[in-house]
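Architecture at a glance
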Amino acid sequence: MNDQVIIKVTDSIPPDNLGTVDKNNKVGNVYTKEQFTERIDEVKSLVGSSTVGLLKIADPKPTKFGKYELTEVGIYANLIPIIHYGESTPSNTPVTTTAGFFNYVYFDGTNFTQLKSETNIIADGSVSTNKTSFAESVVTIGKNIANPNKKRANKYVNWETGTLDDNSGYNAFEKLPVDGNTDYYLHAVSHFAWYDSTGTFISGTNVGGSGLTVKSPGNAAYLSASLEASNNQVQIENGTVATAYEPYYEIEAITIPDLSIDEKQIIYPNSTVYGKNRFDKTQVTAGKYVNAFTGLLGDNPSYSASDFCFIGDLPQITLSSLYHIAFYDINKVFISGREYGGDTIDVPSNAKWCRASLLTGLSDIFQIESGSVKTNYEPFISQYGKQIENLIPENIIDNNIQSTIVTPSVMYWLQGMELNIYFDSSIYQPLGESKSSYYNSVYSEKGKFLQEKYRVSPDTTFSFKLKTESKSQFIEKTTTVNVASTTSGAGITRKILVIGDSTVKHGHTIKYISDFFANDNMHVEFIGTRTSQGVKHEGRSGWRLANYMNDASFDGESNAFWNGSQFSFSHYLSSTSQTISNNDWVFIQLGINDIYSAALLNGSVNVYDLIFHTKKYLAEMIANIKSVNSNLRIGIIQTIPPAMSQDGTGNLLDSAGYSLEYYIKKGLVPWWNELLKTYDNTEMRNNKIYLIGATSIIDRENNFQKYSQNIDSHNTESIKVTADDVHPAVPGYQQIGDAYIGAIKYFA
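Described in the following lines is the structure provided in the data block. (Residues numbered from 1 in each chain as written. Predicted model: local features only at pLDDT ≥ 70, side-chain atom pairs only at ≥ 80, totals over all residues. Heavy atoms only, no water.)

**Brief notes about the sheet that holds strand E13 (residues 183-189)**
Cut-off, in case you're wondering: Being paired, for any two strands, means DSSP has found at least two bridges between them. Runs of E in the DSSP output that reach at least two residues are strands. Runs of H or I that reach at least four are helices, and both are numbered from the N terminus. Angles run from 0 to 180 degrees between N-to-C directions of axes, and those axes are lines fitted to C-alpha atoms, restricted for helices to the stretch in contact.
Pairing is antiparallel in the open sheet, where three strands are placed in the order E16-E13-E18. Two strands in the sheet have a free side with no partner beyond their single neighbour: strand E16 (209-215) and strand E18 (236-238). Sheet twist, expressed as the average angle between the axes of neighbouring strands with direction ignored, equals 20 degrees. The pairing of E13 with E16 spans six bridges and is antiparallel. Among the inter-strand pairings, Ala188 is bridged to a residue of E16, identified as Ser210.

**As for the nonpolar core**
For clarity, the cut-off: By convention a nonpolar core is built from buried Ala, Val, Leu, Ile, Met, Phe, Trp, Tyr and Cys residues, the set being connected through side-chain atoms within 4.5 Å. For every residue, the accessible area (1.4 Å probe, protein chains only) is compared with the maximum for its type, and the residue is labelled buried under 20%, exposed over 50%, or partly exposed between those bounds. Contacts were defined at the residue level, with two residues in contact if any of their heavy atoms lie within 4.5 Å.
In terms of nonpolar packing, the biggest core is built from 108 residues, with Phe569 and Tyr679 touching the most fellow members. The contact partners of Tyr679, leaving out residues within four places of it in the chain, are Leu618, Ala619, Ile622, Ile636, Met684, Ile689 and Leu691. Counting residues in each nonpolar core, the second largest holds 18 residues, with Phe192, Val214, Ala220 and Leu223 among its members.

**Focus: the environment of Val456**
Here Val456 is to be found in strand E38 (residues 453-456). Judged by its relative accessible area of 4%, Val456 is buried. Separated by 36 residues in the primary sequence, Val456 and Asn420 place their C-alpha atoms 6.7 Å from one another. Beyond its immediate sequence surroundings of up to four residues, Val456 is in contact with Met417, Glu418, Leu419, Lys446, Gly447 and Phe462.

**Digging into the state of the cysteines**
Quick note on the threshold: What counts as a disulfide here is a pair of cysteine sulfur atoms lying within 2.5 Å.
All chains considered together, the criterion is met by zero disulfides. Cysteine Cys309 remains unbridged, with the sulfur of Cys354 as its closest cysteine sulfur at 4.8 Å.

**Here we look at the pattern of salt bridges**
Under the convention used in this document: Salt bridges are defined as contacts in which a side-chain nitrogen from Lys or Arg sits within 4 Å of a carboxyl oxygen from Asp or Glu.
Taken as a whole and judged by the stated rule, the model has 24 salt bridges. Between Glu476 and Lys465 there is a salt bridge, with the nearest N and O atoms lying 3.7 Å from each other. With Glu476 in strand E40 (residues 474-484) and Lys465 in strand E39 (residues 462-469), this pair connects stretches of sequence that are eleven residues apart. Accessibility expressed as a relative area gives 26% for Lys465, which makes it partly exposed. Connected through shared salt-bridge partners, Lys281, Asp364, Lys615, Glu674 and Lys677 make up one network.

**Considering helix H9 (residues 646-653)**
Heads up, the rule is: Polar contacts, as counted here, are pairs of nitrogen or oxygen atoms within 3.5 Å of one another; within protein the pair requires one atom able to donate a hydrogen and one able to accept it, and residues that are adjacent in sequence qualify only if both atoms are side-chain atoms.
When H9 is considered as a whole, its buried residues turn out to be Gly648, Thr649 and Gly650. Where H9 is buried, its residues touch helix H10 (660-679) and strand E51 (718-722). Residue Ser645 occupies the N-cap position of H9, its side-chain oxygen lying 2.9 Å from the main-chain nitrogen of Asp647. Residue Asp654 follows H9 closely and has a positive phi angle near 50 degrees.

**A closer look at the packing of aromatic side chains**
The criterion, for reference: Classification of ring pairs rests on two measures: the distance between centres of Phe, Tyr or Trp rings, Trp counted by its six-membered ring, which must be within 6.5 Å, and the angle between planes, read as stacked under 30 degrees, edge-to-face over 60 and tilted in between.
Applying the stated rule across the entire model yields 32 aromatic pairs. Measuring from centroid to centroid gives 6.4 Å for Tyr156 and Trp159, while their planes differ by 55 degrees, and the two rings are tilted. We classify Trp159 as partly exposed; its relative accessible area is 26%. Relative to Tyr328, the ring of Phe308 has its centre 4.9 Å away and its plane inclined at 75 degrees; by these criteria the two rings are edge-to-face. Of this pair, Phe308 sits in the loop between strand E23 (297-306) and strand E24 (309-310) while Tyr328 is found in strand E26 (residues 324-328), placing the two residues 20 residues apart along the sequence.

Right, dumping it as structure tokens:
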């Protein structure tokens, strides 16, 4: 660059009509004047395809209707009356053309209308790389090759012909570029086909499934794949192992050699490109809210405050829930704000940034997006380069494409009490895969590794590590068990409120807890408006979190928390004349009825939407309770698993329309993972919100209700079969009670 002569577009073209470079040292490309004029003519031909003529200053007023190009610089006195650009009424003041622009007018037979001038000269930032002969553009696709622009709705891949045929139950992705003889991991697929570089069909199959690894034929260049229309998260990636979901995107990399042109005139694709969601969940401040009147952050354990979110290019935004929002200028100086009043708000014209409050625990589903309509959640994306948004929204829920260990990282137990961690209750393999293909194990310095479980009667705090492994996977997770002394809480009485479903209403768990503390040196007092087996509670058969948060009554039972318009813990206490104090407990034992429709074999329920809203209602319930007293302890009972056998599902519902496997793998596993992601962390525990690990400690094989029946109508031999996959037998309910007791004693 030091030896060359730079020619800027503002420089004069040399008299010999040649771009100047050092002799014998041509770098890049410099166009001659003739070449440049040729380019101008080319552009004129593009923009002037509808032009009916060229006008010079001395030309008479035309008579033909249409668009004219003004080819000279100066005053066009003959073109009156004229409506100047940006105005609405004719004027006798002629238009004056400007050098360096394409200038146009439109004649309607009476008046001329000045059209917007179009730049002719090469202005700063006007040359995109695809218009240069010196910049090489390389487009790199992210790991997910499922390009939404190639999605074909209501189509499936005919695996015998490679054609896309009509079927409203499927969506197809058409001819995605692939490499030959390469492994690809398809997170979910029903049919697929391979094609060569000419698009000619090679082969296909209808042997789909979840978590499928396939190898492309050696001459394959394209892949088409179809999947059920209800699947709203699509990822196809290179390799044999599933990785975390990412939306499809492209990044354009530009390689530019030394140029004989001013670099400020080049548009580089390096500006920040944002996805739909402007909220970055990794950048939040817990225990803070945004003061809408000052823009500052204040203390409130029920909220988390977002970081500065760029909204400078959006005239209007909609939030998942608008509690408090503040706007700031380019220098992040506060402008204005608002509290509540609807989830859509206009962005001030001088605002570039905003900050918002969100309920603690909702960061995984919170969204700030353009416009006035709420759409499905997508993760925050901020990248350099050209990005194609994934038109198929990403779900917040894990797709369960690998084994999952659902034991919390922290559990609470009582000294000397037997603890059983059942492998079948703790470790879940992908849908359709047999547990016999996996080896489950445990390691700990305490207790026994038994055939189907880990058993220990701890005396002090300890840890254990669960592992599951196969030919293609190795997953492990460590859990610390905080052990409470038997003397913990001596002389203390804690009030206990349990909000739940029929597993609470049946009364076996709360009766077991009540009996334990009646004979312990620590005592508890159950509160509530309902009573089962002599113990008060707030359990209602068939109820979901959605019922508590949205309904005055459901299935013949009234909502004691309903204040006439919403769930209100303060209303509940005042209307029932009950009190609750610092460090007393509110336990929430819900989730079964919320998630159970995942078991439907007809796929009529959007499970991910179900989980999304269930998580939202849980967070809102907790925030409402904490708003009354932030020092209350909240215990979220990790939703218990069902019985081991499909017999329990069929017998309970007297139906062939529900699958135990679907309920667990499509419903409970994603739900458990969401509970773990949101509540199994130090931040929540510091705010006295605890995930109580009841899932892993219940015996799915032996501690659910069973009855005797004949093998069949011809074989009268009596066998034991599971009667109910939802409601445990009394020993199972007592196992749940052990988890309550451990937490209550540990925190005393």
